[in-house]
Amino acid sequence: MVTMVQRVVIENCAIATVDAADTEYATGYVVIAGNRIESLGAGSAPEGLADVVRRIDASGHLVTPGLVNTHHHFYQWITRGLATDHNLFNWLVALYPTWARIDEPMVRAAAQGSLAMMARGGVTTAMDHHYVFPKGSGDLSGAIIGAARETGVRFTLARGSMDRSEKDGGLPPDFAVETLESALAATEATVREHHDASFDAMTQVAVAPCSPFSVSTELLKQGAELARRLGVRLHTHGSETVEEEQFCKELFGMGPTDYFESTGWLGEDVWMAHCVHMNDSDIAAFARTKTGVAHCPSSNARLAAGIARVPDMLAAGVPVGLGVDGTASNESGELHTELRNALLINRLGAHREAALNARQALRLGTYGGAQVLGRASEIGSLEPGKLADLVLWNLDTLAHASIADPVTALVFGAAAPVTASFVNGRQIVEAGRLLHVDEDAIARSTREEARRLARIAAQA
Ligand SMILES: [Zn+2]
């Protein structure tokens, strides 16, 4: 039996491919065949294509690769709007007692909310760094992966962990952490159960101890060994604040980047969130080892962490993607607005107006994200043979129609509505609404679970 490869033809649109040459077409077409991009170019689609199941007239639209989110904490969806005027350490200490009460239904609802918000805004690959696993809280990793599958996005679960509590000089309370042994065993089990190494994988798993101030040196070292033995990537938080730098110097006698290097945590299979407080030699170490960075401009601003040196990282050859970060420190929960925020916030830094341009911002949110997740050969740019993860942004709107150039409109303008979004060749958004999950039901369940968590935390 011959299986028919179904084709979808998208026509009459502007296209930003984000390929190595930054190829763009003012008016062009994209042909999706099965789960791959078959062809794209200027002008009209080739004639005589077989098995075309749908033609989309995308006049007034810009087509880009789908956005790739490289740092997030889904569970925080149900603790938004708390500790709003705090720096990182004070914010963490304020929220840990509540976070330690989460259970499986709460985490499922929070994951559904986080994923729905991002997918509606053009994210086609999401990730969740989940590191709070209270005893008896159920199968949290399974709940998160299930929510990603329902939404239809491509997904990396960074299986986090914490084992350095207050009694060991760490930040989290004793009841919020796992032991070294149980964290490693549960992480290995999650990789074995859920990680898919294939080209078109929808689910991957990374090993992700939380941060230097919540994890033992031994968990970092053994976590890195575990990830390399299993052939998966490594993720953590690094160099986020001056307080973290101070903590590392006091406890380990060195700054965060040197500490990470001493524990096996620099390498092309590693990506790290934030990297705000990096000196020239730290950036050179990241560049030399090809360690990736998840830049989270809104969260860094919300927690007054500082401005990451993204232009210097890019100039040095460090792979950089964008991250929403958890929504307890970025209540909007969107990635498309981070394109704009990355550009604007970096222009407040040392490089001023030369810091980033619109094309570079779009690249951070697409190809850069694919690089740091280790998937640049599969996703992140529109090229024949790559997976069909792409977004049709409507720029024929009051907000955008008079902006001269489509990429400028997308990055500098108001958040553009998503007319359609495809992941692995399958449509997940139509006219701004999610096709496979019920947004209104998710809004209700997240509100209920947020109230239930607040009630339980208040009684504790
Ligand atoms: Zn984070």
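Calculation notes
Every chain begins its residue count from 1, and numbering advances along the sequence as written. Side-chain atom pairs in this predicted model are given and counted only at pLDDT of 80 or more, local residue features only at pLDDT of at least 70, and totals for whole chains, interfaces and linings cover all residues. The basis for every side-chain value is the complete set of heavy atoms in the structure, and neither hydrogens nor water enter the calculation. Per residue, pLDDT captures the predictor's confidence, and it can take any value from 0 to 100. Here a strand is any run of E in DSSP of at least two residues, a helix any run of H or I of at least four, and the numbering for each starts at the N terminus. Water is not among the atoms examined, so metal sites may look incomplete; donors are the N, O and S atoms within 2.8 Å of the metal, or within 3.2 Å for Na, K and Ca. Tetrahedral means four donors with every angle between 85 and 135 degrees, whereas square planar (four donors) and octahedral (six donors) require angles over 155 degrees between opposite donors and between 65 and 115 for all others; sites fitting neither are termed irregular. Under the scheme applied here, a residue whose accessible area is under 20% of the maximum for its type counts as buried, over 50% as exposed, and between as partly exposed, the area being computed with a 1.4 Å probe on protein chains only. Here Asp and Glu are counted as negative and Lys and Arg as positive; His is not counted, and neither are the chain ends. By definition, a salt bridge exists where a carboxyl oxygen of Asp or Glu is found within 4 Å of a side-chain nitrogen of Lys or Arg. Here, residues are in contact when the closest pair of their heavy atoms is within 4.5 Å. Residues grouped as a nonpolar core are buried Ala, Val, Leu, Ile, Met, Phe, Trp, Tyr and Cys residues, joined through side-chain atoms within 4.5 Å. For each domain, the first and last residues come from an automatic or database assignment. Accessible surface is computed with a 1.4 Å probe, and the buried area is the amount of it that two parts give up when combined, taken over both parts together. Any N or O atom pair separated by 3.5 Å or less is treated as a polar contact, with the protein-specific requirement of one donor-capable and one acceptor-capable atom, and with residues adjacent in sequence counted only for side-chain atom pairs. Any residue that is not Ala, Val, Leu, Ile, Met, Phe, Trp, Tyr, Cys, Pro, Asp, Glu, Lys or Arg is counted as polar, Gly included; the first ten are nonpolar and the last four charged. By the criterion used throughout, a crossover qualifies as right-handed when its path from the first strand across the helix to the second strand runs clockwise, the strands pointing away from the viewer.

Focus on the confidence of the model for the protein chain
Stage number 1. Confidence in the prediction of the protein chain, expressed as mean pLDDT, is 97, and 99% of residues score 70 or more.
Stage number 2. Across the protein chain, strand E5 (residues 61–65) holds the top mean pLDDT of 99, while helix H1 (residues 88–99) sits lowest at 94.

Looking at the coordination of the zinc ion
Stage number 1. On the protein side, the zinc ion has His71 (NE2), His73 (NE2), His237 (NE2) and Asp325 (OD) as donor atoms, found 2.1 to 2.5 Å from it.
Stage number 2. Coordination at the zinc ion is irregular, judged from the four donor atoms that bind it and the angles of 89 to 175° they form at the metal.
Stage number 3. Between consecutive donor residues of the zinc ion, the sequence gaps follow H-x1-H-x163-H-x87-D. Taken together, the residues histidine 71 in the loop between strand E6 (67–68) and H1 and histidine 237 in strand E10 (residues 234–238) connect sequence positions 166 residues apart. Comparing histidine 71 with histidine 237, the two get one shared label, buried.

Some words on the side chain of aspartate 282
Stage number 1. Among the secondary structure elements, aspartate 282 is positioned in helix H8 (residues 280–289).
Stage number 2. We note that aspartate 282 is buried and unpaired, the nearest opposite charge coming from arginine 309 at a distance of 7.2 Å.
Stage number 3. Not counting residues up to four positions away in its chain, the partners in contact with aspartate 282 are Thr257 and His277.

Quick notes on the nonpolar core
Stage number 1. Judged by nonpolar contacts, the single largest core of 113 residues is most densely connected at Trp91, Leu92, Trp99 and Met313.
Stage number 2. Tallying contributions element by element places helix H2 (residues 104–120) first for this core, with nine residues.
Stage number 3. Residue-level mapping places this core at the junction of two domains, with at least three residues from each of domain 1 (7–65 + 382–434) and domain 2 (67–372).
Stage number 4. Beyond its immediate chain neighbours, meaning those up to four positions away, tryptophan 91 contacts Gln76, Leu82, Ala83, His86, Trp99, Arg302, Leu303, Ala328 and Ser329.
Stage number 5. Within the second largest apolar cluster, 17 residues are counted, among which are Ile15, Val63, Leu382 and Ala388.

Quick look at the domain arrangement of the protein chain
Interface size, as often reported, equals the accessible area lost upon joining of the parts.
Stage number 1. Assigned domains within the protein chain: domain 1 (7–65 + 382–434) and domain 2 (67–372).
Stage number 2. Contacts between the two partners involve 36 residues from domain 1 and, on the opposite side, 29 residues from domain 2.
Stage number 3. Taking both sides of the interface into account, the surface hidden between domain 1 and domain 2 amounts to around 2,500 Å²; carbon and sulfur atoms contribute 62%.
Stage number 4. Contact with domain 2 buries area across many residues of domain 1, yet Val18, Val411 and Phe412 alone supply 23% of it, more than any other trio.
Stage number 5. At the surface where domain 1 touches domain 2, the tally comes to four salt bridges.
Stage number 6. Of the charged contacts, one joins arginine 359 and aspartate 405 as a salt bridge, the two residues approaching to 3.0 Å between their closest N and O atoms.
Stage number 7. Scanning the region where domain 1 abuts domain 2 turns up eight residue pairs in polar contact (both at pLDDT 80 or more).
Stage number 8. Listed by contribution, the elements that provide at least two residues to the side of domain 1 that touches domain 2 are E5, strand E14 (390–394), helix H13 (406–412), strand E15 (418–423) and strand E16 (426–430).
Stage number 9. Here the element with the most residues in the side of domain 1 that touches domain 2 is H13; it accounts for five residues.
Stage number 10. Residue composition of the side of domain 1 that touches domain 2, by class: 20 nonpolar, eight polar and eight charged.

Things to note about the pattern of salt bridges
Stage number 1. Within the structure shown, the criterion is met by 25 salt bridges.
Stage number 2. The closest approach of N and O atoms between arginine 108 and glutamate 104, which form a salt bridge, is 2.9 Å. With arginine 108 and glutamate 104 both in helix H2 and four residues apart, the pair spans about one turn of that helix.
Stage number 3. For glutamate 104, a relative accessible area of 23% gives the class partly exposed.
Stage number 4. We note a salt bridge from glutamate 331 to arginine 302, for which the minimum N-O separation is 2.7 Å.

Some remarks on the side chain of glutamate 378
Stage number 1. Looking at the element boundaries, glutamate 378 is found in the loop between helix H12 (358–372) and E14.
Stage number 2. Overall, glutamate 378 belongs to the buried group, its relative accessible area being 8%.
Stage number 3. Excluding anything up to four places from it in sequence, glutamate 378 contacts Ser198, Phe199, Lys386 and Leu387.

Thoughts on the pairing of strand E12 (residues 292–295)
Stage number 1. The alternating pattern of E12 places Gly292 and Ala294 on one face and Val293 and His295 on the opposite face, and all of these are buried.
Stage number 2. The parallel pair strand E11 (residues 270–274) and E12, bridged by H8, forms a crossover whose chirality is right-handed.

A look at the environment of alanine 201
Stage number 1. You can see alanine 201 is positioned in the loop between helix H4 (180–194) and strand E9 (203–209).
Stage number 2. Given a relative accessible area of 0%, alanine 201 falls into the buried group.
Stage number 3. In this structure the C-alpha to C-alpha distance between alanine 201 and valine 242, which are 41 residues apart in sequence, comes to 38 Å.
Stage number 4. Those residues within four positions of alanine 201 in sequence are excluded, and the remaining contacts are Arg154, Asp196 and Arg375.

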